[in-house]
Every structure is written in C-alpha cells, then in structure tokens.
Amino acid sequence: MKDAENVQLAEALAPIRDMVKACIQCGTCSASCPNAFAMADTPRRLWRMLQAGEVQMVLKSGSFTLCSACYTCTLRCPRGLPLTDAMSALKQVVAHQDALRFASTTLFYRKFMESVRRHGRVRETEFMCLYLTAMKNPLLPFQFAPLGLKLFSRKKLDFRPPSKGGDARMDALFQKVHELENAP
Amino acid sequence: MKYLYYPGCSLEGTSREYDISTRSVLKALDVELTEIPDWTCCGASAAASVSALLSLALPARNIAAAEAVSDVNDILAPCSACYLNLKRAEEEARHGAEMLPRLNAVFESEGLKMTGRMRVRHLLDVLSQDIGADRIRRNVSHPLSGKRVAPYYGCQCLRPYRVFDNPEKPVSMNALIEATGAQVFPWHMGAACCGASHMNTHAAVGTSLVTAILKAARGADAIVTVCPMCHMNLEAYQDKISQNCHDNLRIPVVYLSQLLGMALGLSETDIRLDMNLSEAAVFSAGSSIVAVR
Ligand code: SF4
Ligand code: SF4
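Residues numbered from 1 in each chain as written. Chains lettered and ligands numbered in written order. Predicted model: local features only at pLDDT ≥ 70, side-chain atom pairs only at ≥ 80, totals over all residues. Heavy atoms only, no water.

Quick look at helix H10 (residues 203–216) of chain B
As a reminder, the rule being used: The numbering of helices and of strands both runs from the N terminus, where a helix is a DSSP run of H or I of at least 4 residues and a strand a run of E of at least 2. Here the expected span of a helix is defined as 1.5 Å times the quantity of residues minus one. Partly exposed residues are those whose accessible area sits between 20% and 50% of the maximum for their type, while under 20% is buried and over 50% is exposed, using a 1.4 Å probe and protein chains only.
Spanning 14 residues, H10(B) covers 20 Å between terminal C-alpha atoms, matching the ideal 20 Å at 1.5 Å per step. Burial in H10(B) covers these residues: Val205(B), Gly206(B), Thr207(B), Leu209(B), Val210(B), Thr211(B), Ile213(B), Leu214(B) and Ala216(B).

Overview of the site of ligand 2
Residues and elements named next belong to chain A. How we decide: Nearness is defined per residue: one heavy atom within 4 Å of the molecule or strand is enough. Here the term cavity refers to a set of points on a 1 Å grid, laid over the protein atoms alone, in which a 1.4 Å probe fits but cannot get out; the term pocket refers to an open set having protein on both sides within 12 Å along at least five of seven lines, with lining residues being those that place an atom within 4 Å of a point. For this analysis, a molecule is said to be in a pocket or cavity if more than half of its atoms are within 2 Å of the grid points defining it. Note that Gly is not counted as nonpolar here; it falls among the polar residues with everything else outside the nonpolar set of Ala, Val, Leu, Ile, Met, Phe, Trp, Tyr, Cys and Pro and the charged set of Asp, Glu, Lys and Arg.
Inspection of the region around ligand 2 gives Cys-33, Pro-34, Asn-35, Cys-67, Ser-68, Ala-69, Cys-70, Tyr-71, Cys-73, Thr-84 and Met-87 as its neighbouring residues. Applying the majority rule of atoms within 2 Å of the grid points places ligand 2 in the largest cavity. Here the shell around ligand 2 is built from residues that sort into eight nonpolar, three polar and no charged.

Overview of empty space enclosed by the protein
Residue and element names in this part refer to chain A. The line we're drawing: Grid points are joined across faces, edges and corners, and a volume is the space filled by probe spheres set on the points.
Across all of its chains, the model carries five cavities of 30 Å³ or more by this definition. Its boundaries defined by the atoms lining it, the largest cavity holds a volume of some 110 Å³. Around the largest cavity, the lining is made up of 17 residues, and of these Cys-33, Cys-67, Cys-70, Cys-73 and Met-87 lie nearest the centre. Listed by contribution, the elements that provide at least two residues to the lining of the largest cavity are helix H2 (28–32), helix H3 (43–51), helix H5 (72–76) and helix H6 (83–97). Along the lines of polarity and charge, the residues of the lining of the largest cavity split into twelve nonpolar, five polar and no charged. Taken as a whole, the second largest cavity holds about 90 Å³ of empty space. In terms of residue class, the lining of the second largest cavity is built from eleven nonpolar, four polar and no charged.

Description of the sheet that holds strand S1 (residues 2–5) of chain B
Residues and elements named next belong to chain B. Selection rule: Between any two strands, at least two bridges found by DSSP are needed for them to pair. Angles shown run from 0 to 180 degrees and are taken between the N-to-C directions of axes, each axis being a line fitted to C-alpha atoms and, for helices, limited to the stretch in contact.
Strand order in the open sheet made by the four strands is S2-S1-S3-S4, with parallel pairing throughout. Either end of the sheet is taken by a strand with one partner, and the two such strands are strand S2 (32–35) and strand S4 (119–122). Across the sheet, the axes of successive neighbouring strands diverge by a mean angle of 40°, strand direction being ignored. Sheet topology places S1 next to S2; four bridges connect them, and they run parallel. Looking at S2, one finds that Lys-2 is bridged to Glu-32.

Set out below in structure tokens:
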C-alpha cells in the first residue's frame, strides 16, 4: 500500500523534478525568498529533495504552501529555472492528493473555484461563507471578523444574490477543461 | 487612445474605488475604455493551484471575448493579479504552438475564438508609457505639493514578465507621482511582496511581510498602490499590526488612480476616498478634496 502510494506520488512529482533538474544548489532562490524565514525547508532544499527522489519528504515538508508567488527566485535563478511554476505545481499535486494537512490552503482555492463555476465571477461574500463552512473550524470566522466589519462599514460586503444568478454558467468551460486534462 | 477594459472581480467588490477612480482619471485624460462584455473571473491565484489548463482557460476566455468586440488590440487591466493571469495566457498562446487550439477548444461552444492578436496591458503601463507624465502634469489643477508618497508596485505587474519597468528596481511611478506635484518617498520596499493570499491562509507569515512594509513607510504621507490585493493587505490590518508592535503604523493607502484624480481636481464621487479602509481622508485633507465619512 505504502509502496503503491509512493510510486503514484513519484509519478505526479516527475514533471516538477524535471523543472529543477538543472539546479546547482547555489541558494540564490532561498536567499531571495521573502517567505524563507517561515519555511521548514527553503526552496533550495525542496529542489534537492526532488532531485534525490525523496517524494514523501517533499510532501511532508509542505513548505511550498508558503510560496506567495512573488517571482523573485524565478527572476534571479542563474540557471533560469521556472521555480515559481514548480512551487505552484507542487500545490496542484497537493490539491489532487487532497491531503488533510493542507486543508486551509487547498480548501480556500477550491471554494474560490466553486464560486467562479457558479457565477462566472467571484462573489466575495459567498466565497468566504463556502470557505468557512468547509473548514468547520468554529473559531475561524472570528479571525476574519474585524476585516468583515471594516468592509461592512464601507458598504463593501454584498449580501444580495449574485447578479448573474447561480446558473452554473461556467459549467461547459469547467467540463471541457476536465475532459481535456483527463484525455489519454 | 482606446482600450478594452477588464475590471476583474475585486474591482466589482471590495475595491470599487479603484474601478471608479480608474475610469474617471482615464476619462479626464481623454482615454476611451470599452468594458469587455460578459467578462468572467481570471482565476485569481486559485485556478493555478487546482488545474494548470483551467488557470489558462479562464483568462484566455476573456481575451477571446475582447477580440470579439472590436479591432482595438490592447486590453487594460488595473488589477495586477488579473493582469498577470491574462498576460500569461497571452504569452502561452503565442509561444506554445499547441496551446492556442487547446484553449480554443475549451470555449468554442460559447462561440469565442482567440487568435493571439491582443496585448494585455497593466494600468501602470498605460499611464506611464502611453499617456505619460507630461500629459498628466499639463492637466494638474490641484498640485499635491509637500506630500511625500511611497510608490508600492508589489510583484505581479513587474514579475515574471519584464514589460514596462525594471522588475526589481521599478521606477515607472516616480515620474507620475512627481507630475502630481508630490515628492517620491525614498524607500526600498516598492517591489517587495505583501504575501498575497497569505493573510487568508498563513496569517502570521502574511502579517510579518506587511509589518515590514508599513515600518519602512514611516515618514511618508501615503503609500500608493496599483493592485487591489496589495492594497487590501497594506490597509486592512493596520490597527492589529499597530497593536502587535506597540507602535502607530497607520498610514493612508491610496490607489495611483485616486492620487492622480486628486491632482487633476476630480470630485470625491470620482475617486471615492471615503471607501478606503485606511485614513485616506487624512491624506487628502489640505488639498481640495476632503473625503466625507
Ligand atoms: S537559484 Fe536556481 S540554481 Fe540556485 S539553488 Fe535555486 S533553483 Fe538551484
Ligand atoms: S516565488 Fe515563491 S519560492 Fe520564489 S521567492 Fe517568491 S515566495 Fe519564494
């Protein structure tokens, strides 16, 4: 079971491993990263793990969820590697693995997309409701309460039903993307 | 000058003042905007984490919708996140031979088609390169003399695509700020990262990035932004951050379009400083415009 899981994970990470194959471990990316201070494993170390095929280690680390896509590393890497894309690809793998540990990051994004699929545009209020419900963390709404109150006092929260209606207008597009991505 | 306008979801929601002031300023400068009809979400930072094709198909759909409108070739996007998503779709369709047909397959049922002729432009690009500081200066009726303004670019209008400015040491806002009569506040945080959606997913990390920016802005009269996400991060948490630091780090944060609007003498209904979460009214006090709360 464990082995099968590993093989599957290694397969999913293979294209990302290719992206950083030419890394010479100079550390420029880590030194440039505004989030490195909070990462258990800096970007350079993540690339090393990928190169070494330590797939479980990469996933367990989860440091890639701290990438805020500032593109500084991509700009500065002496090998010209697409590092921000690699970070984003790691987040995608996690989204598909649906790992519970990364619930807050993946759910945030998934709920966002749900809102887009329904309305074509994002309804911020609905999106936060979906997100907070899905997190099932009774304390979480309080974390957002001060901001919510501020936005409310500036009449920036919109509680009306969405203008475009919940007509699932983007279904065809989402469906087609799914088909194309899963085509053999 | 004509552009197809892509406001994006934030400008319809929490940053309506950016939309309102952008339209007003461009109108005052004789720029004609046509909103892309029935535009949809660009995918924000979420689509890329869910599916690679979706993250291109969502912005590309809007480029195709823009192509259907007229023979204008430029799309103007004020939101940096939207700009980058649309730009990436433009670039991928141009350079990846297989991508264009793949994207067209996604939205062909809607009768939309992308040929690749559109250029995606950020508002700052259009203001600094097409319109230019000189034209703005000639239209200034209420100079912001004596104000010290810190230009904040953030990431996505600068990187990874080098389009109109130096991606690490940007300068394009300097001439625009000086054109208003204000001074550029010298600082090193203009191209720093505000943490993007960290404030929602990793609050402590996002907070420390924003704190560093607010601390560096001490001494300026305002921070000027060109992105709704940066703007929200910089202004919405000032109270909490000030409490945490036992220090007053509150500072007005205004959109570049609002700053220009003030100098052009536009009315409060044209720039809506009253909608900002930070004390934008403090910044405008003494100039002709006083935000009404
Ligand atoms: S900057 Fe590039 S080459 Fe250097 S460690 Fe990072 S990925 Fe490797
Ligand atoms: S793009 Fe991500 S990994 Fe690279 S420097 Fe920025 S935050 Fe760090």
